[in-house]
Amino acid sequence: MEISGIISAIVIGIIIGVLGRLVVPGRQHIGILWTIVIGIVAALIGAAVASALGVADTKGVDWIEWLIQIALAAVGVAALDRAKAPRR
């Protein structure tokens, strides 16, 4: 993987992570670095899922792939938030 691929993965991870975090209601107890990591992982897994479903390469914007990635990021943010939430 070239440096441009790494940089684009980080940028897309930031976008996907932030959008996934916005989808989850309430305040999350995770930092921005965890949001970025979740976003990068969700972007990679979402791209693989979209490719397996045959919707990864469409003409124009790949809306279905983006929705899959954002949904995976939201699930990741909610799961990590629940794991890191202070116990009562």
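What you see is a predicted model; the values in this text were computed from it and never measured. Counting restarts for each chain: residues are numbered from 1 in the order of the written sequence. For this predicted model, a pLDDT threshold of at least 70 governs which residues receive local features, and a threshold of 80 or more governs which side-chain atom pairs are given and counted, while totals over whole chains, interfaces and linings are taken from all residues. For the side-chain quantities, the full set of heavy atoms in the structure was used; hydrogens and water were omitted.

Peer 1: Honestly, the side chain of E65 in this entry has me stumped. Any pointers?
Peer 2: Runs of E in the DSSP output that reach at least two residues are strands. Runs of H or I that reach at least four are helices, and both are numbered from the N terminus. One can find E65 in helix 3 (residues 63–84). Any two residues whose heavy atoms approach within 4.5 Å at even a single point are treated as in contact. Ignoring sequence-local partners within four residues, the contact set of E65 consists of G46, A47, A50 and A56.

Peer 1: How should I be thinking about a nonpolar patch on the surface in this particular structure?
Peer 2: A surface patch of nonpolar side chains, amounting to about 1,100 Å² of accessible area, comprises I3, I6, I7, I10, V11, I14, I15, V18, L19, L22, I32 and L33. Looking at which element gives the most residues to the nonpolar patch, the answer is helix 1 (residues 3–23), with ten residues. Counting through the fold element by element, I3 comes out in helix 1. Only protein chains enter the calculation, and the probe is 1.4 Å; a residue is then buried if its accessible area is under 20% of its type maximum, exposed if over 50%, and partly exposed in between. Among the residues examined, I3 registers a relative accessible area of 61% and is labelled exposed. Without a salt bridge and with relative accessible area above 30%, a residue can belong to a patch; like charges are then joined within 9 Å and nonpolar side chains (Val, Leu, Ile, Met, Phe, Trp, Tyr) within 5 Å. Here the Shrake-Rupley method, with its probe set to 1.4 Å, supplies the accessible areas, and only the displayed protein chains count as covering residues. Note on definitions: salt bridges are taken to be side-chain nitrogens of Lys or Arg within 4 Å of carboxyl oxygens of Asp or Glu.

Peer 1: Before we go on, may I ask you to explain the packing of helix 1 against helix 3 in this structure?
Peer 2: Angle between the axes and distance between the axes are the two parameters that describe a pair of packed helices. Helix 3 packs onto helix 1 with a crossing angle of 65° between their chain directions and a minimal axis gap of 7 Å. For helix 1 against helix 3, the interelement crossing comes out right-handed. Two secondary-structure elements touch here, helix 1 through I15, I16, G17, L19, G20, R21 and V23 and helix 3 through W66, Q69, I70, A73, A74 and V77. Every axis in this analysis is a line fitted to C-alpha atoms, fitted for helices over the stretch in contact. Angles between the N-to-C directions lie between 0 and 180 degrees. Handedness of a crossing follows from how the near helix is turned relative to the far one, being left-handed for an anticlockwise turn of less than a right angle and right-handed for a clockwise one.

Peer 1: Can you walk me through the packing of helix 1 against helix 2 (residues 32–53) in this structure?
Peer 2: Here helix 1 crosses helix 2 at 105°, and the two axes come no closer than 7 Å. Considered as vectors, helix 1 and helix 2 are oriented roughly perpendicular to each other. Where helix 1 approaches helix 2, its residues A9, I10, I12, G13, I14, I16, G17, V18 and R21 are matched on the opposing element by I32, T35, I36, G39, I40, A42 and A43. Here the contact of helix 1 with helix 2 is built from residues that sort into eleven nonpolar, four polar and one charged. In this scheme, roughly parallel covers angles under 35 degrees and roughly antiparallel covers those over 145, while 65 to 115 is roughly perpendicular and the rest are oblique. For this classification, Asp, Glu, Lys and Arg are treated as charged, while Ala, Val, Leu, Ile, Met, Phe, Trp, Tyr, Cys and Pro are nonpolar and the rest, including Gly, are polar.

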